[in-house]
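An overview of the molecular structure
Here is what each chain is made of, one letter per residue.
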Amino acid sequence: MKDKHGLSQYRLNHAKSYAQNFLEAVNKIEMMCQMSEQGLVDYGVAEGFIARNINELDKNWEYFKGYIEQREDMR
């Protein structure tokens with residue numbers, strides 16, 4: 001008999017999608033930091049952009065954990 005692990009391919013695919021979004025958000029934050037340091041973007045604009053992206057990462061982290069957690073009802 002095949003054992004279940006409390007995860008489905010659907011949930012794993014969503015978790016992978018969130019992980020890819022995390023990487024993209026971090027790359028955007030890095031780019032904005034570099035642009036600000038080089039004087040290409042106003043400090044205030046960069047600060048607001050970075051703060052918004054960090055807040056978005058925080059929200060998406062909770063969704064990510066919801067998809068990657070093993071569920072007893074799926075075992």
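These remarks concern the structure in this document. Source: prediction; values computed, not measured.

What counts and what doesn't
- Residues numbered from 1 in each chain as written.
- Predicted model: local features only at pLDDT ≥ 70, side-chain atom pairs only at ≥ 80, totals over all residues.
- Heavy atoms only, no water.
- Salt bridge = Lys/Arg side-chain N within 4 Å of Asp/Glu carboxyl O.
- Helix = DSSP H or I, 4+ residues; strand = E, 2+ residues; numbered from the N terminus.
- Buried < 20%, exposed > 50% of the residue type's maximum accessible area, 1.4 Å probe, protein only.
- Axes fitted to C-alpha atoms, helices over the stretch in contact; angles between N-to-C directions.
- Parallel < 35°, antiparallel > 145°, perpendicular 65-115°, else oblique.
- Left-handed = near helix turned anticlockwise from the far one by under 90°.
- Nonpolar A, V, L, I, M, F, W, Y, C, P; charged D, E, K, R; others polar.

1. As for the pattern of salt bridges
A pair can form between side chains of opposite charge whenever their charged atoms are brought close. Counted under the stated rule, the structure contains two salt bridges. Between Glu56 and Lys59 there is a salt bridge, with its nearest N and O atoms 3.7 Å apart. Of the two residues, Glu56 and Lys59 both sit in helix α2 (residues 43-68), three residues apart, roughly one turn of that helix. For Lys59, a relative accessible area of 49% puts it in the partly exposed group.

2. A look at the packing of helix α1 (residues 9-37) against α2
For the pair α1 and α2, interaxial distance at closest approach is 9 Å and the crossing angle is 165 degrees. Between α1 and α2, the angle falls in the class roughly antiparallel. Between α1 and α2 lies a crossing whose hand is left-handed. Of the residues in the contact of α1 with α2, the class split is 22 nonpolar, five polar and two charged.

3. Quick notes on the environment of Met31
By the secondary structure assignment, Met31 is in helix α1. Relative accessible area serves as the criterion here: at 46%, Met31 is assigned to the partly exposed category. Sequence separation between Met31 and Ala46 is 15 residues, and the spatial gap between their C-alpha atoms is 9.8 Å.

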